[in-house]
Each structure stands twice: as C-alpha cells, then as structure tokens.
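Breakdown of the fold
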Amino acid sequence: MPQQRQFNPYSENGGTILAIAGADFAVVAGDTRQSEGYSIQTRYAPKVFRLTDKAVLAVNGFAADGNILVKTVKQRLEWYRHAHAKDMPLRAIARLIQTILYAKRFFPYYVYNILGGIEEDGTGAVYSFDPVGSYEREACRAAGAAQALVQPFLDNQIYFKNQKPKPGQSHPTHLPLDHVLSLVIDSFTSATERHIEVGDGLEIYVVLARGHSAQGLSNIPGAQEISQTDEGERVFVVRRDLKKD
Amino acid sequence: MEVQFGIVGKGYVIMASDTNAGRSIVKMKTDEDKIKALSPHLLMAASGEPGDTVQFSEFIERNLRLHHIRYTHPMRPQSAASWIRRALADSLRSRKPYSVNLLVGGYDASTDSPHLYWLDYLGTLVEVPFAAHGYGAYFCLSLLDRYHNPEANLEEGLETLKRCVREVQKRLIVGLPDWKIKVVDKDGVREINLDL
Amino acid sequence: MSIMELNGGSVIAMVGKDCVAIASDLRLGNQALSISSNFQKIFPVTDRIYIGLPGLASDVATLRERFRLRVNMYTIKEERELEPETFAHLVSSTLYEKRFSPYFVEPVVAGLSKLPTSTPESPKFKPFICGTDLIGCLNFAKDFIVCGTASEKLFGVAEGLWEPDLEPEDLFETISQTLLNAVDRDAFSGWGAVVHVLTPDKVITRTLRGRMD
C-alpha cells in the first residue's frame, strides 16, 4: 500500500459578521471569538477593520487568509493614496477586492467579506462578497457561522419581509442609526445564545457621512471616535461584551 | 424512462401513462398497460422496477377485490390510497422492498368527488390536484401549474393532458410515441383514445 | 442525499401566556422538486394537544397513525384524557423502540396541561411544549422548539422575536413571522404555512399564504 499524505491548507475559524447601510451611514459589526472545532483560540480577534476614513471591511471564514487579505487591501489602498493623494472611493475598493479575490480563483482566500462605508454621493453602502469575488451592493448582509440565524431576522426587520404596512403607509427604505444599532446588538446576542462559535465580544464600526450627527450613538455607552476627515466623515467603534460560554 | 400523469377535473380524474416496457437498451414492448382498474371507480398507474410494478399492482388489486367481496362495497379512494401507502411503508422496512411509484385516481361515489393521490416507493402519500411521475414531473409540473383548472370539463382536461404529453415528446430525449389514457368518473372507468 | 432533507419541511412551537402555538410549512418535495403545497405536518392528538412531525413524509404518515392508535388505547384503558407530558413520553418511547432503524422524524409536541388545582367548573391550564430527536430524546424547552430543514433559521428568528408571556394574538403574530421569514431563506421549506394557537377555551387555526418559490 502506498502511503498517503494530505495537507489541508484551509481551516474554518467561526464567528459572524454583519453590516447594515442607512441613508447616510453604514454599520459594520463582527464578534471577536476565534475558534477551531470546539476550541476557542482567542476571545479577541478583530474581524472588522477600518480601511479608510469612510470604508470598513469585515472578514470572516479562515482567519489566516482573512488577515492576509486585509493586509493586501490596506497595502493597495496606501499605494493608491501615494499615487493619487486621496482615499480610494468605496465602490472602487469593492472592485479592488473583487480583483484581489478573483486573482486567487483556483486557490481562493477562504473568506466571506462585507464592505461597508460611505459612497462618493454620501449614501451609506454595504457590499458583500463571496470567496472568489462575486459581489453586490445591498442594504444589509450577514455572513459567517451564524448567517443562517441572522439573515432571515434581518429580512424581517430591515426589509420588512412578510410584513404589511398600515393602509396608506409604506415601509421605510432606510432605518435611523439608533434603530439599526439595536438590531445589530439583538442579532448578535441572539446568535451568541444559539451558536457555539459566536460570542465573547462585539465590535460595531459606525461610519457617518458628512453632516450626520452622532445622535444615534448617544444611548449606546462606550462609543469611541476613531477618525474624522476634514470633509466631515466620522468613524466610530462600539465595543461590547457578548456571553463567553 | 417512464412518464405518468394524473389530472383532476370537474367530476373526473384523467390518468395517462406511456406504454413502453424496456430492459437496458432494448425496447421489449410498446403496448404495456401500466394503468390498472382496481375497482369500479379506482385507477392506479404504477412505475418503477419492472417486476415489482406488476407484482405489487396485482397484490393491491386482489386485496381490494377481497375487501369488496367481504364488505360488499368497494373501498373509497381515500381509504384505498391509505391502505396502499401502508403496504408500501411496511414493504420499505422489509427485507426486499417494492420499488414502485404510484398515482391513484378515483371517484368517490359517496361524496361525488374525484380524488388523485401521489405515492412513492417510500410510502409517501399526498392528495394533489395534478401529479406526475418520472421525468414527466420535471417537464410538466410547471405546465400543469399554469394550465390546470379543477373546474375544467373532460375535453379541457384532455387538452391540458395533451400539452403535457406533447412537451414530453418534444423535449425528453427518449421517444414515447404511444400512450394509454384512462378516465374515472361517476360512470366508472373507461379508456380514451386520443390523437396526441 | 440526507433522508431528513428528502421531503423538506419545518415545524415550530412557542409558549405564550396561558397559551401555546404550533406552526409548520405546507411543502412536500422530492429533493428539489416540489410535489405538493398542501401537505399537513401538524395533527391534533386531543382537544388540547397538537403534534408536528417534520421529516420523512412516509414516516410522518406512519407515526401519525401509530400515535393515534396508542393514544386511543391509552384513553380507553385509563378512562381519562391524555395529558401532554404523558403524550411526550409516549412519543419518546415510540421512537426509541426503533433505536437502531429509526423513524426519520423529529416530533414537536404543543399542548395545554391541566393543573392539579383545575376543577371542571374553573379549568386551569399550563402551556407545554417539547421536542425530540429522531430516536426520542426529549427536550422540554421553556420558550420555543424548532425542527426541520429550516431549524437553524428558525432558531435565529425566534431568538430575536420571541418574548415571554405573549397573549394569543401576539403569539400568533410572533410565530407566523418567525416561520415565514425562516422558511423564505430555506429551499426545502415554504409554499404556505399553517398556524394553530391553543388557548384554554379554543383552538385558533389559520392558514397563511407565503412565497411560492
């Protein structure tokens, strides 16, 4: 019998990410647990990264691939800054990520990405990707271990699926920031309750377009401002605890 | 590749089946009747493993006949379908299960209503307004969604059936030229010759 | 090809204030092909007990018949009505009998059990739900039970929408929204839904229209 050896270059590190776009803001969140099988490798491994003053990227799946991907994207954005003396616009970052992902079409980065931020026209946007670079702009998206738990909840609460508006009224196309934040927190506490790979901590990045007040953040304790552009875009991060069991 | 259809209309059930009997790549027979009249108001179309279909159909036929003789009345379609389902379900967990898929169509004389049941070899039973077994299901269930009308008279029902048969003849890679069509209604069971 | 996913279908049960609800989708499929949009998976056992049977459609029918037989035998022998707790154990033992060639069904029981303080003049009930796996391991949850091909999705939505002590109409809305939004993200469930809300004095049954895709 010939001896067989097999090296598996991939692993799955659990966790869940989620992003929601508002009219003039975007919220991108992820839990901070990193696991392999039934073992927790660390309770704090960030999955959400600030790319520019108006773009935030959440990366979920195989952590090693995710880290390299974020590193690559950040490097490409730095080169862009040096070449053009400005930040790359959000829709261009989305296309850049597609190119980077598809370049490895036959040995893919095993990651699901969600990009959130502010477009050049000042609207909040969310772009979601598959591991080989297919992407689309959406109003909300969940990915990762608890996607199946969170996405249908979002369908109901963000898109108002299966809900009929009151006669003469219509459903809002975008929700206010405080409402979105409470939905994000609810989604993650629910996912933590029912999914073993979700928990420990929650990081919520909030990107506000110029002129948007941080009003919605007022009733969320511990919101911390990370950056502010001259034009007025602001990025905040909210860190919260999730159950650790 | 067998194809069978069942369609319920106003006061009747149409059952249709191809008439091919083959083995491997050889066509053995082109006039096989796969729709059995189980009782005065009950039809059953069987498909699946060639030996099993005949064996099982005759087993069902004799038992329903026995019931008719013992109790002096035939079983109602609903009861017959349940009984057949149980026979298949018991068979499934036996040493040698029958692999037979069925359509059972009947006219319930006590409520004056037509009924059609879809059964598979696992013992799945469901009453449906129209049904298909074999590849016909993939080709024609969407057609039936569009054109089936429970209030249609027999002529309209047969038109819908024709659409289905023609679709299968047009798109299924195997040619199924000859079909056996039977109808059950308040007057009982009869065969219909159709220009397809 | 998993036997539990051959026919598709999902069931959910929820506890409310002095009431329970149980709901299911109506699809019957053969893998990806939908056969019927009116396949009932929930059956009344007594006036105060309902059982939902998601899983292999053949075993759904077989178990329904088997439970009916066993419940009738119990009622005749004991000369009293069956309580939900008792029925849950009957379900469990029926499934465990087939430990090594199981029925491919994960039942959900919802009922109102009579309290010891209950009298014929003023009956008092306690909501009861429970689920089991396919070999009869009982799960007495205090909030909700989900089962079937959309169970993961049902867990997520139910965990987000459910709250304690819902009145019958609010419970109906909660279970309906939970089910519809969960099955809309599941390819094997959907094609309409049915909801039963059990209250001390009546059972409310409603059929819901859902997405047909």
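Just above sits the structure.
These numbers were taken from a predicted model, which means no experiment stands behind them.

Scanning chain A from terminus to terminus reveals four helices and 13 strands. The C-alpha atoms of chain A give a radius of gyration of 18 Å, which matches the 18 Å a tight globule of 245 residues would have. With the C-alpha coordinates of chain A rotated into their principal frame, the extents come out at 75 × 45 × 35 Å. The burial tally for chain A puts 52% of its 245 residues in the buried class. Sequence-distant contacts, at least 24 apart, represent 64% of the contacts inside chain A between residues at least 6 apart. Looking at chain A as shown, the accessible area adds up to about 11900 Å², and 50% of this sits on carbon and sulfur atoms.

Turning our attention to the nonpolar core. Counting residues in hydrophobic clusters, the biggest one holds 65 residues, and the most contacted among them are Phe5(B), Ile14(B), Leu161(B) and Phe87(C). When neighbours within four sequence positions are excluded, Leu161(B) is seen to be in contact with Phe5(B), Ile7(B), Ile14(B), Ala16(B), Ile181(B) and Leu194(B). One finds Ile12(C), Leu171(C), Ala182(C) and Leu208(C) within the second-largest nonpolar core, a separate group that totals 59 residues.

Let's shift gears to the sheet that holds strand β5 (residues 42–46) of chain C. Sheet strands associate in pairs through backbone hydrogen bonding, adopting either a parallel or an antiparallel arrangement. Residues and elements named next belong to chain C. The five strands lie next to each other as β5-β6-β7-β8-β9, forming an open sheet whose pairing is antiparallel. Since the sheet does not close on itself, it has two edges, and those belong to β5 and β9 (138–139), each with one partner. In the sheet, strand β8 (residues 125–132) pairs with β9 via two bridges, with the strands oriented antiparallel. Within β9, the residue paired with Thr132 across the bridge is Leu138. Across the sheet, helix α2 (residues 84–96) lies against β5, β6 (49–52), β7 (108–114), β8 and β9, angled at about 10° from β8, the strand it touches most.

Contact residues are listed per partner, giving 17 residues for chain A and 16 residues for chain C. Between chain A and chain C, roughly 1400 Å² of surface is buried when both sides are summed, and carbon and sulfur atoms account for 50% of that area. Scanning the region where chain A abuts chain C turns up three salt bridges. At the junction of chain A and chain C, the tally comes to six residue pairs in polar contact (both at pLDDT 80 or more). Mapped onto the side of chain A that touches chain C, the elements with two or more residues apiece are α3 (147–157) and α4 (177–194) of chain A. Per-element tally for the side of chain A that touches chain C: the top contributor is α3(A), with eight residues. Across the side of chain A that touches chain C, the residue classes tally to five nonpolar, seven polar and five charged.

Residue and element names in this part refer to chain B. There is a patch of nonpolar side chains on the surface, built from Met1, Tyr135, Tyr138 and Ile173 and spanning about 520 Å² of accessible area. Locating Tyr138 in the fold gives a position in helix α3 (residues 136–147). Taking the relative accessible area as the measure of exposure, Tyr138 reaches 56% and is therefore exposed.

A few words now on α4(A). The end-to-end C-alpha distance of α4(A) is 26 Å, a good match for the 26 Å that 18 residues give at a rise of 1.5 Å each. Taken together, the buried positions of α4(A) are Leu177(A), Val180(A), Leu181(A), Leu183(A), Val184(A), Ile185(A), Ser187(A), Phe188(A), Ser190(A), Ala191(A) and Thr192(A). Those residues of α4(A) hidden inside the fold are in contact with β1 (16–21), β2 (25–31), α3, β11 (201–208) and β13 (234–241) of chain A together with α3 (151–161) of chain C.

All right, on to the arrangement of the chains then. The structure contains two pairs of chains in contact, of which chains A and C account for the largest number of contacts. Separated without contact, chain A and chain B have their nearest C-alpha atoms at a distance of 24 Å.

Time to look at the pairing of strand β2 (residues 12–18) of chain B. Residue and element names in this part refer to chain B. For β2, the buried fraction is high: seven of the seven residues fall into the buried class. Both faces of β2 are covered, namely the face carrying Tyr12, Ile14, Ala16 and Asp18 and the face carrying Val13, Met15 and Ser17. Here strand β1 (residues 3–9) pairs with β2 via six bridges, running antiparallel. The residue of β2 that forms the bridge with Gln4 is Ser17. Hairpin geometry of β1 and β2 is characterised by an intervening segment of two residues between the two adjacent antiparallel strands and by a positive phi of about 80° at Gly11. As paired elements, β2 and strand β11 (residues 179–185) share seven bridges and run antiparallel to each other. Of the residues in β11, the one forming a bridge with Met15 is Lys182.

What follows covers the environment of Asp47(C). Residue and element names in this part refer to chain C. If you trace the backbone, Asp47 turns up in the loop between β5 and β6. Considered as a pair, Asp47 and Pro84 are 37 residues apart in the sequence and their alpha carbons are 11 Å apart. In this structure, Asp47 is in contact with Glu81 and Val203, ignoring residues within four places of it in sequence.

For the rest of this paragraph, the subject is the interface of chain B and chain C. Contacts between the two partners involve 16 residues from chain B and, on the opposite side, 20 residues from chain C. Taking both partners together, chain B and chain C bury about 1300 Å²; carbon and sulfur atoms supply 58% of that area. The interface formed by chain B and chain C holds three salt bridges in total. A salt bridge links Glu65(C) to Arg85(B); the shortest N-O distance between them is 3.6 Å. Our count for the contact surface shared by chain B and chain C stands at six residue pairs in polar contact (both at pLDDT 80 or more). Elements with a contribution of two residues or more to the side of chain B that touches chain C: α2 (77–92), β9 (125–127) and α3 of chain B. When the residues that make up the side of chain B that touches chain C are grouped by side-chain class, the tally is nine nonpolar, two polar and five charged.

For the rest of this paragraph, the subject is the pattern of salt bridges. Applying the stated criterion across every chain, the model contains 44 salt bridges over all chains. Across the pair Asp31(A) and Lys47(A) runs a salt bridge whose closest N-O atoms are separated by 3.2 Å. Highlighted residues: Asp31(A) in strand β2 and Lys47(A) in the loop between β4 (39–42) and β5 (48–52), separated in sequence by 16 residues. The same class applies to Asp31(A) as to Lys47(A), namely buried. Bridged by salt links that share partners, the residues Arg85(B), Arg86(B), Asp90(B) and Glu65(C) form one connected network.

The subject of this paragraph is the sheet that holds strand β1 (residues 10–15) of chain C. All names here are of chain C. Here we have five strands laid out as an open sheet, ordered β10-β1-β2-β11-β12, and antiparallel in their pairing. The sheet terminates laterally at β10 (144–148) and β12 (203–208), the two strands that pair on one side only. The sheet shows a mean angle of 10° between the axes of neighbouring strands, taken without regard to direction. Of the strand pairs in this sheet, β1 and strand β2 (residues 20–25) are connected by five bridges, and their pairing is antiparallel. Bridged to Val11 within β2 is Ser24.

Right, let's get into the layout of surface pockets. Any empty space left between the atoms is revealed when a probe the size of a water molecule rolls over them. Volume-wise, the largest pocket comes out at about 1100 Å³. Looking at the largest pocket, it is lined by 44 residues, and the ones nearest its centre are Met1(B), Glu2(B), Lys34(B), Ser47(B) and Gly48(B). Secondary structure elements with two or more residues in the lining of the largest pocket: β3 (21–23), β4 (26–29), β5 (35–39), β6 (42–48), α1 (50–71), β10 (130–134) and α3 of chain B together with β4 (33–36) of chain C. If one sorts the elements of the lining of the largest pocket by residue count, α1(B) sits on top with five residues. Classifying every residue of the lining of the largest pocket by side-chain character gives 22 nonpolar, 12 polar and 10 charged. What the second largest pocket holds in volume is close to 710 Å³. Lining the second largest pocket are 27 residues; nearest its centre among them are Leu125(B), Val126(B), Glu127(B), Asn38(C) and Phe39(C). Elements supplying a minimum of two residues to the lining of the second largest pocket: α2, β9 and α3 of chain B together with β4 and α1 (57–78) of chain C. Ranked by the residues each element gives to the lining of the second largest pocket, the list is headed by α1(C), at six residues. Across the lining of the second largest pocket, the residue classes tally to 14 nonpolar, seven polar and six charged.

What counts as what
Residues numbered from 1 in each chain as written. Chains lettered and ligands numbered in written order. Predicted model: local features only at pLDDT ≥ 70, side-chain atom pairs only at ≥ 80, totals over all residues. Heavy atoms only, no water. Helix = DSSP H or I, 4+ residues; strand = E, 2+ residues; numbered from the N terminus. Rg over C-alpha atoms; globule rule 2.2 N^0.38 Å. Buried < 20%, exposed > 50% of the residue type's maximum accessible area, 1.4 Å probe, protein only. Contact = heavy atoms within 4.5 Å. Areas by Shrake-Rupley, 256 points an atom, 1.4 Å probe, with all protein chains shown as cover. Core = buried A, V, L, I, M, F, W, Y, C linked by side-chain atoms within 4.5 Å. Pairing = 2+ DSSP bridges. Axes fitted to C-alpha atoms, helices over the stretch in contact; angles between N-to-C directions. Buried area = accessible area lost by both parts, 1.4 Å probe. Salt bridge = Lys/Arg side-chain N within 4 Å of Asp/Glu carboxyl O. Polar contact = N/O pair within 3.5 Å; in protein donor to acceptor, adjacent residues only side chain to side chain. Nonpolar A, V, L, I, M, F, W, Y, C, P; charged D, E, K, R; others polar. Patch = residues over 30% accessible without salt bridge, like charges linked within 9 Å, V, L, I, M, F, W, Y side chains within 5 Å. Expected span 1.5 Å × (residues − 1). 1 Å grid on protein atoms, 1.4 Å probe; cavity = no way out; pocket = protein on both sides within 12 Å on 5 of 7 lines; lining within 4 Å. Points joined across faces, edges and corners; volume = space filled by probe spheres on them.

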